[in-house]
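Listed here are the chains, written in short residue letters.
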Amino acid sequence: MEFKEYPDSEMMMMDLADTLISELENVLLTQDTATLAVPGGTTPGPIFDSMSAVHLDWQRVSVMLTDERWVPETSDRSNTRLLRERLLVGPAAMANYQPLYADAPTPEDGLDQLQAQVADRLPVSVMLLGMGTDMHTASIFPGADKLDTALHGDDLLVAMRAAGAPEPRITLSAKVINDAMQRHIVIVGLEKREALERARHLTPEEAPVAAILPGSTVHWAES
């Protein structure tokens, strides 16, 4: 694990956006297409704002979430909604978006269809992740019903339910996350820094983020 500390979150978000764009550009120099996987939540919003304005060859980039709540895009809880408002605008509106939600009653009902679509876009070229204070990443939560499958199975996507997640979710598995060519984790605040330090000494079952820390670059600012 590489750890990068920044004077403030504004500088971190700008630097990280530049890093992600640079890594995508490098992939497109040698490959026809690239895949970018990103989290939902409010933290990465400023990163998305910066990236969306860059004149990258977005038509050759597939964008997907690392995880999604099983709610329609019209919901305030939809991660897709955030991406459409903050990342898939301006020049980046030309990117190919691969949702992790389908019009089906449960994530299990849509899983096979989504997994087949995601498979065509792997391995992920550049991945950005977050981490919760409970040490979850993507929607791989401690105590979740499919935790063992998400951490150790060969599935690409896992339907997940957990006490810390109000809705059912679909998440990329640890296998897909660890197969990413470039992997970054962004966290803000002392509480998450302390959680990260705890995670380094716990098992993935106790702290799911521990499963993907080796080979990741963690970006942190206190505020």
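Residues numbered from 1 in each chain as written. Predicted model: local features only at pLDDT ≥ 70, side-chain atom pairs only at ≥ 80, totals over all residues. Heavy atoms only, no water.

1. As for the nonpolar core
Leu36, Met51, Val63, Leu83, Leu87 and Ile185 are the most contacted members of the largest nonpolar core, which totals 77 residues. The element best represented in this core is helix α1 (residues 9-30), accounting for nine residues. Not counting chain neighbours up to four residues away, the residues in contact with Ile185 comprise Leu129, Gly130, Met131, Val209, Ile212, Leu213, Ser216, Thr217, Val218 and His219. (Core = buried A, V, L, I, M, F, W, Y, C linked by side-chain atoms within 4.5 Å. Buried < 20%, exposed > 50% of the residue type's maximum accessible area, 1.4 Å probe, protein only. Helix = DSSP H or I, 4+ residues; strand = E, 2+ residues; numbered from the N terminus. Contact = heavy atoms within 4.5 Å.)

2. Points about the sheet that holds strand β8 (residues 165-172)
Within a sheet, neighbouring strands are paired by backbone hydrogen bonds and run either parallel or antiparallel to one another. The strand order across the open sheet built from three strands is β4-β8-β7, with neighbouring strands paired in antiparallel fashion. Each of the sheet's edge strands pairs with one partner strand only, and the pair in question is β4 (67-69) and β7 (157-162). On average, each strand axis in the sheet is inclined to that of its neighbour by 25°, with strand direction left out of account. Both β4 and β8 contribute to a ladder of three bridges, which runs antiparallel. Each bridged residue has a counterpart across the sheet, and for Glu68 the counterpart in β8 is Ile170. (Pairing = 2+ DSSP bridges. Axes fitted to C-alpha atoms, helices over the stretch in contact; angles between N-to-C directions.)

3. Some thoughts on the packing of helix α2 (residues 45-52) against helix α3 (residues 79-86)
Look at α2 against α3: their axes get within 9 Å of each other, and the N-to-C directions meet at 40°. By the angle between their axes, α2 is oblique relative to α3. Between α2 and α3, the contacting residues are Gly45, Pro46, Phe48, Asp49 and Ser52 on the first element and Leu82, Leu83 and Arg86 on the second. Residue composition of the contact of α2 with α3, grouped by class: four nonpolar, two polar and two charged. (Parallel < 35°, antiparallel > 145°, perpendicular 65-115°, else oblique. Nonpolar A, V, L, I, M, F, W, Y, C, P; charged D, E, K, R; others polar.)

4. With respect to the sheet that holds strand β2 (residues 34-38)
With respect to topology, seven strands assemble into an open sheet ordered β1-β10-β9-β6-β2-β3-β5, the strand pairing being parallel. Unpaired on one side and paired on the other, β1 (2-6) and β5 (96-98) mark the two borders of the sheet. Strand-to-strand twist of the sheet, defined as the mean angle between neighbouring strand axes without regard to direction, takes the value 20°. Bridge count between β1 and strand β10 (residues 217-221): five bridges; the pairing is parallel. Residue pairing across strands places Phe3 opposite Val218, the latter belonging to β10. Across the sheet, helix α7 (residues 190-199) is in contact with β1, β9 (182-188) and β10; its angle to β9 comes to roughly 130°.

From the geometry alone we can't say anything about function, so treat these as descriptive.
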